[in-house]
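As a plain string of letters, each chain reads:
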Amino acid sequence: MAATYEPIATTTLLSTALGYTFSSIPNTYTDLVLIVQGSTVVSAGDSITLQFNDDTTSNYSTTGLYGTGSSAASYRESNTFTQTGRISTTQSTSIINIMNYTNGSTYKTVLARGNAPDSLVITQVSLWRKTEAITKIKIANQNNVVFSIGTTFTLYGIKAA
Amino acid sequence: MATTYTLIASNTVGSGGASSIDFSSIPNTYTDLKLVYSLRGTGATTSMSALVSFNGATTNRTWKVLYGQGSSAASTSGSDTYFSEPPAASATSNTFGNGELYIPNYAGSSYKSANSDSVGENNATTAYQELFAILWSSTAAINQLTISLASGNLAQYSTAYLYGIKNS
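Everything numeric here is computed off the predicted structure, so don't read it as measured data.

With respect to the element layout, Thr76(B) can be found in strand E6 (residues 73-78). Using a relative accessible area of 29% as the deciding quantity, one classes Thr76(B) as partly exposed. In this structure Thr76(B) touches Gly69(A), Ser70(A), Trp63(B), Lys64(B), Val65(B) and Tyr67(B), once residues within four positions along its chain are discounted.

Below, the structure written as structure tokens:
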């Protein structure tokens, strides 16, 4: 049976770092799943950001829905970086789905769930307004603080057939 | 190529219901765990809090939830083992609450964070959709996972499937 859900690459930080980059992502899958688990050294809570194919322009936007533990709210950001998931100084988990990442005719949609128990529970949808296939993902966070030792970044590929 | 996504065990509640669903002796050979569940309670209410403990522990747990119940959205937090709000005996018949609980690095030596996304649509005025952020402040590897309800039993046909996911 052909494998449908395959690990592409994974890394665990052995020293603190501002993020991690997956390069040379193969174009043989349909969707990508990125799992980020860990924490940051400082900052009570922060959005994880993704940059695709070294695009540093304003081709990104995000709409989010979140709960703080006492209130719920929604927000959006236009013409800025993606906000996908959540991380804080307490162990946090984000599950980020990058849909149809090799399609040469469509903009790219990202669906994310962020879980930082001492910060926010959040779900977001982001859009990268480029039709090129994604071959590189640079992962960082909104406030540019370092990720803690032991933080893991894992990329999976999902095949539709 | 080695299989990435493997069913570890499955449980279906039989006639008469069950007080809990238990996955024990979970091997430490995977990277992440994913629990896919479909639950209903036998208690005389429209919904019931579902609880999940790791290694039998009920302490050192915190959670935040973002939820909607059909007329409003809100967020709360707590420190018990709550992770879902499935329908119970007073809800529309034959309806179950479904969801997924994802636990990355369950066998690692860091604290265990997880998310649970659940829904309980039942064609009534109140039905819960919930997004949980969960933290178990323990460095122990998870080798047992137990589902129960705050009150009453799990109804017949409740199911839970535990999958292991490998990152290489």
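Following the structure, the description resumes.
Okay, the sheet that holds strand E4 (residues 50-54) of chain B next. Residue and element names in this part refer to chain B. With respect to topology, four strands assemble into an open sheet ordered E2-E11-E4-E7, the strand pairing being antiparallel. In the strand order of this sheet, the two ends are held by strand E2 (20-23) and strand E7 (82-84), each with one partner. Looking at each pair of strands side by side, their axes are set apart by 30° on average, direction ignored.

Contacts between chain A and chain B engage 31 residues on the former and 32 residues on the latter. Where chain A abuts chain B, roughly 2,400 Å² becomes buried across the two surfaces, and 63% of that area is made up of carbon and sulfur atoms. Put simply, chain A and chain B have one salt bridge between them. The residue Asp117(B) makes a salt bridge to Arg113(A) at a minimum N-O spacing of 2.5 Å. On inspection of chain A and its partner chain B, the count reaches 15 residue pairs in polar contact (both at pLDDT 80 or more). At the level of elements, strand E1 (5-12), strand E3 (31-38), strand E5 (60-67), strand E8 (92-99), strand E9 (108-115), strand E10 (121-128) and strand E12 (152-158) of chain A are the ones that each hand at least two residues to the side of chain A that touches chain B. Among the elements that line the side of chain A that touches chain B, the one with the most residues is E1(A), at four residues. Residue composition of the side of chain A that touches chain B, grouped by class: 12 nonpolar, 16 polar and three charged.

Residue and element names in this part refer to chain A. Topologically, aspartate 55 is positioned in the loop between strand E4 (46-52) and E5. For aspartate 55, the side chain forms a polar contact with the side chain of tryptophan 128, separated by 2.8 Å. Setting aside chain neighbours within four positions, we find aspartate 55 in contact with Tyr60, Trp128 and Lys130.

The subject of this paragraph is the pairing of E2(B). Residues and elements named next belong to chain B. Side chains of E2 alternate between two faces, with Ile21 and Phe23 buried and Ser20 and Asp22 left unburied. The pairing of E2 with strand E11 (residues 145-149) spans four bridges and is classified as antiparallel. Bridge pairing in E11 places phenylalanine 23 opposite leucine 145.

Definitions and limits used
Residues numbered from 1 in each chain as written. Chains lettered and ligands numbered in written order. Predicted model: local features only at pLDDT ≥ 70, side-chain atom pairs only at ≥ 80, totals over all residues. Heavy atoms only, no water. Helix = DSSP H or I, 4+ residues; strand = E, 2+ residues; numbered from the N terminus. Buried < 20%, exposed > 50% of the residue type's maximum accessible area, 1.4 Å probe, protein only. Contact = heavy atoms within 4.5 Å. Pairing = 2+ DSSP bridges. Axes fitted to C-alpha atoms, helices over the stretch in contact; angles between N-to-C directions. Buried area = accessible area lost by both parts, 1.4 Å probe. Salt bridge = Lys/Arg side-chain N within 4 Å of Asp/Glu carboxyl O. Polar contact = N/O pair within 3.5 Å; in protein donor to acceptor, adjacent residues only side chain to side chain. Nonpolar A, V, L, I, M, F, W, Y, C, P; charged D, E, K, R; others polar.

Read these as layout, nothing more, since geometry by itself doesn't imply function.
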